[in-house]
Every structure is written in structure tokens, then in C-alpha cells.
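# Coordinate inspection notes
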Amino acid sequence: MIVLTDVHKRFGANPVLRGVNLTVPKGESMVIIGGSGTGKSICLKCILGLVTPDHGTITVDGKQTQNTNRAQFLARFGMLFQGGALFDSLPVWQNVAFRLLRGPLKRPKAEARAIAIEKLRRVGLSGDVADHLPSELSGGMQKRVGLARAIAANPDIIFFDEPTTGLDPIMAGVINDLIREIVVDLGVTAITITHDMTSVRAIADRVAMLHDGVIQWTGPVGDMENSGDPYLTQFIHGRADGPISAIR
Amino acid sequence: MNPLAAVGRAALGGLAAIGRVALFAGETASHLVRPPFYWREFGQALQSVGYFSLPVIGLTALFTGGALALQIFAGGGRFGAEAVVPQIVAIGMVRELGPVLVGLMIAARVTSSIAAEIATMKVTEQIDALVTLSTHPMKYLTLPRVLAGLITVPLLVGLGDIIGIMGGYLVGTGPLGFNKAVYLTNTIDFLEFGDIASSLIKGAVFGVIATLMGCYFGMGSARGAQGVGHATKASVEAAAVLILAANFALTSVFF
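An account of the accompanying structure is given in this report. Just so we're clear, the structure is a prediction, and the values are computed from it rather than from any experiment. (Residues numbered from 1 in each chain as written. Chains lettered and ligands numbered in written order. Predicted model: local features only at pLDDT ≥ 70, side-chain atom pairs only at ≥ 80, totals over all residues.)

## Things to note about the nonpolar core
Membership of the largest hydrophobic core comes to 132 residues, with the highest contact counts inside it found for A:Ile32, A:Cys43, A:Val96, B:Ile209, B:Ala210, B:Met213 and B:Ala239. Residue contributions to this core peak at 18 residues, all from helix α4 (residues 85-123) of chain B. Once residues within four sequence positions are removed from consideration, B:Met213 is found in contact with B:Thr111, B:Ser235, B:Ala238, B:Ala239 and B:Leu242. (Core = buried A, V, L, I, M, F, W, Y, C linked by C-beta atoms within 7 Å. Buried ≥ 20, exposed ≤ 12 C-beta atoms within 10 Å, placed from the backbone. Helix = DSSP H or I, 4+ residues; strand = E, 2+ residues; numbered from the N terminus. Contact = placed C-beta atoms within 7 Å.)

## Quick word on the interface of chain B and chain A
Contacts between the two partners involve 12 residues from chain B and, on the opposite side, 15 residues from chain A. Of the residues in the side of chain B that touches chain A, the class split is 5 nonpolar, 5 polar and 2 charged. (Nonpolar A, V, L, I, M, F, W, Y, C, P; charged D, E, K, R; others polar.)

## Remarks on the sheet that holds strand β2 (residues 14-24) of chain A
All names here are of chain A. Taken in spatial order, the 4 strands line up as β2-β1-β4-β5 in an open sheet, and their pairing is antiparallel. In the strand order of this sheet, the two ends are held by β2 and β5 (63-64), each with one partner. Pairing of strand β1 (residues 2-11) with strand β4 (residues 55-60), which is carried by 5 bridges, proceeds in the antiparallel orientation. Within β4, the position partnered with valine 3 by the bridge is threonine 59. (Pairing = 2+ DSSP bridges.)

## Some remarks on the sheet that holds strand β9 (residues 206-211) of chain A
Residue and element names in this part refer to chain A. Strand order in the open sheet formed by 6 strands is β6-β7-β8-β3-β9-β10, with mixed pairing between adjacent strands. Edge positions in the sheet fall to β6 (77-80) and β10 (214-220), since each of these pairs with one other strand and no more. Averaged over all pairs of adjacent strands, the angle between strand axes in this sheet comes to 15°, irrespective of strand direction. Sheet analysis places β9 next to β10, joined by 6 bridges and oriented antiparallel. Among the inter-strand pairings, methionine 209 is bridged to a residue of β10, identified as tryptophan 217. Running at roughly 145° to strand β8 (residues 189-193), helix α1 (residues 40-48) makes contact with β3 (29-33), β6, β7 (157-161), β8 and β9 of the sheet. With respect to the sheet, helix α6 (residues 139-151) is in contact with β6 and β7, its orientation differing from that of β6 by roughly 175°. (Axes fitted to C-alpha atoms, helices over the stretch in contact; angles between N-to-C directions.)

## Remarks on the environment of A:Arg18
Residues and elements named next belong to chain A. As for its position among the elements, arginine 18 is in strand β2. Sequence separation between arginine 18 and arginine 201 is 183 residues, and the spatial gap between their C-alpha atoms is 27 Å. Excluding residues that lie within four positions of it along the chain, arginine 18 makes contacts with His8, Gly213 and Val214.

## Comments concerning the pairing of β2(A)
Residue and element names in this part refer to chain A. Alignment of β1 against β2, held across 8 bridges, turns out to be antiparallel. The partner of valine 3 across the bridge, within β2, is threonine 23. The loop that links β1 with its antiparallel partner β2 comprises 2 residues; one of these, glycine 12, has a positive phi angle of about 60°.

## Points about α1(A)
Owing to its 3.6 residues per turn, the α-helix brings residues three or four apart onto one side. Residues and elements named next belong to chain A. A large share of α1 lies buried, amounting to 8 of its 9 residues. Residues Lys40, Ser41, Ile42, Cys43, Leu44, Lys45, Cys46 and Ile47 constitute the buried set of α1. Following α1 by one or two positions, glycine 49 has its phi on the positive side, about 85°.

## Points about the packing of helix α8 (residues 193-219) of chain B against helix α9 (residues 224-254) of chain B
Residues and elements named next belong to chain B. Closest axis-to-axis distance for the α8/α9 pair is 9 Å, and the angle between their directions is 155°. Here α9 runs roughly antiparallel to α8, going by the angle between their axes. For the pair α8 and α9, the crossing hand works out as right-handed. Counted together, Gly194, Ser198, Ile201, Lys202, Val205, Phe206, Ile209, Ala210, Met213, Gly214, Phe217 and Gly218 of α8 and Ala231, Ala234, Ser235, Ala238, Ala239, Leu242, Ile243, Ala246, Asn247, Leu250 and Phe254 of α9 form the full contact between these two elements. (Parallel < 35°, antiparallel > 145°, perpendicular 65-115°, else oblique. Left-handed = near helix turned anticlockwise from the far one by under 90°.)

As C-alpha cells, this is what we get:
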């Protein structure tokens, strides 16, 4: 279970997070929605320790994230970055098997390659792409490689940052289905950040809306349509009129 | 505006920058004694910093040695000292021009490349990805490159010194008409161990400066294409100025 309690983060004069409280139960898929620049990615980065919160606590399975062994802590996570964040200089299979080729999870090279190819197949890519460089792949294929990398070391927790941004609707649907499949099959705890309401409905068990630095609404995905929350209603229907200012 | 306040702000800014670079260098060095060490990345850095710099270093040294021989012959001729061409080419290349030119060429070629690569990795979230994959970016990106600079740049300087002297030899024994055996004897007899040692030490220091600046500005890059461009430009400027300043300091020590 991941618990954020009263998390604040400010960049210069700009307070991005103003007291975020959020609980993600173990094995559930939480989707965080909210406008651009509302601090959704910062929430994920705070949990991972890529950004240090100014105030508040973050616990994973009851342990404060700042007091844990970093390597062991991060070994539990997988992350799909918005742009893929694949390493340009490494072939696809080495991107996927990155963790398995070095550090505490190191395996023999042949075994790491076999696992990488199996994970590539898991996300619908053939073993033929294993020796390609990331720049030789399309955007959708790069997302899938990123997804394969995120699940390569069988993590307990996976974060997906804007998994369908920049993809055509069909490819976005493929990625959404893959994420849902992976979350259900592996039984992982997942947090996804997205603006895409189709993704929300496909991926989420629960939804949290971040607005103005706080969680404005949270609840099961099925309650989203009839929440009665004016912010959430405006956001999910994409209306220009409402309590959320169009000009931010 | 108070001019004293402006001077104070600039001085404090300069000191803060020195402090940040010193902390960055210290953190890089600390990873040397903390496993794991990424041998593969180190091997690639040796290749890119050292091996692939050979052509540009060789050509730079060759032309500089040749030009130096012509200049010394012309200048020495004004007071009847044309015969000192082999000795001055040798000492000029080994003690000064070899290390400085190699250092500046490495700043142009390697520092810029490291800064642009790491800055691009930063803006495309590859550095964040490294962290989430339990890999320390300083250990994976910075340490192998700085160590490669420390090891390969003195070797490049040594090679540059030899090729520069060869350039002087070709010009001296060709158009300037020196006897080949005498030219070589004068060159070898005139050089001392201290000259060569100072050249190689300068190379090691310049190698660390060039690679460290590339990594420092790359890691500190701002977002976007402009951030990458600025990091690349600033890294080369800083490396070139620091190499020239370190050259003066080391020359004062070895003088």
C-alpha cells in the first residue's frame, strides 16, 4: 500500500503540491487525472525519491520511503516514462534487460536476453526487434519496449506516466489493454497518470483528481460519472466552463 | 544600483559555482571506492575519449609542430640562431603546446559531446529512468568518462608531443635543410625527464577538467533544446578557460 500524507512541494515561488493525501491499496490500479502542470508527475517522482518533498510523509507498505535502502526500494518499482526514456545507445533487448545486466538483480547475459525477449513478446513485440536501436522503432513500439522494461524485473509496483500520449487512438487502445492485462495478471499495485479519459476507464480501479495542489476527488472509477464534484465533472467532460480556469 | 553590491553578488555567484563543481568532483571521486564499477561503460568511454580523438589530435599536433619550426627558423634568423629549431620545437611542443592544444581539442570534441549527450538524456528523462532502474547516474555516466579522461588524455598528449616533433622534423629536414641525424640528436639530447613528466601531468589534469565539465553541465542542463544548447556551450567555455588557467598554474609549479 502506498500512502501520501500532507505532501507539499514548491519550485521557487510556485507551490505545486499543497498537501496531497492519497492512499493506493495494494494490488489496485489508481489513475491520477488533472490538468497540465498540476503536479501529477511530481507526485510520482516524490514517491520514487527523484524529487524530495518539502513537507509530508510517503510510505510504501508502512515504511517511510526516505528511510529505506534505495537499491532495495527501487528494485520493487517499474516505471513507464511519458517519452519512453529508452537509452539510445543500447539495443532494445539491453534496454529491457537493463536491471538484469547489472546491480543486485544481475543475471548471466544469455538468461537476461531470454527474459528480455519473453517480456517483449508479452507486450506484443517479436524477438526480431531485440537487436534494433530504440531510434529505429515507431512511437508505439517504443512505448511497448518501455512497458517491457518496466515489467522486466517483475516489480510489485508499476508507475505509468502518460502511457498513451502521442499515440493514435488504436495504438493507445492497445497500450491501455496491455497495461490492464499486466496489472491484473501480475497483481501489481499501479499508479497511472493521464489526461486521456479512455485510458482512465480502461485502466483504473480507482481515480484521484489532482487540482490546485491537492486531491480534489478520489473514488472508484464507476463513481466518477456521478460524483457530483464540479471540478471532476468539468474535467471528465472536457468543458471550458466550470470551476477550473481554462487559462492557467 | 550599488556597484559594490553587484561586485559582491558576482563574487558570491562565482564562489558558489566553484563549490558546486568541487562537490560534483568529490561525489564523482567517491564512486570510485563504492561498487559496482561499470566496466563496459568505462571501456566505451576509453574508446570515445581516447581512441576516436586520435585523428584530430594527430593532425593538430603535426601542423602545429611544422608551423612552430618555420616560426622559430624565421625568428631565430633575426639574431643568427636558426640552429636552435630542433630544441625549441621539442621544448615548445612537450612543455606547452602539446598539452594545451590537446586539452583544447579534447574540450572542443569530447566535452561538447559528453555535455550534449548527458543533457539530452536529462531532458528525455533517461537520467530519471536510470535512477528508477537502481543505477546511480554519477556512477554510470560520470565516473567512467572522467576516469577515461584521466587515463587517455595524458597518452594523447604524449602522442601529440611526438607527432608535433615529427611535424617540426619534416619541415626542418625538408624545406629548412637540417641534417636528419643532427635534428634528431639535438631533439633527444635536449629533452629532460621533467619536461615529459610535466607534459603528461598536464594531460591528466586537462583530461579530468574536460570530462568533468561535460558531465557537470550535462547533468545540470535545463529542459528543452535551448537547455541542451546552453549546457554544451557553457561546458566547452568552462573547460577551455579552466584548462588554460590550470596550464598557467601547473607551468608555474614546474617552471
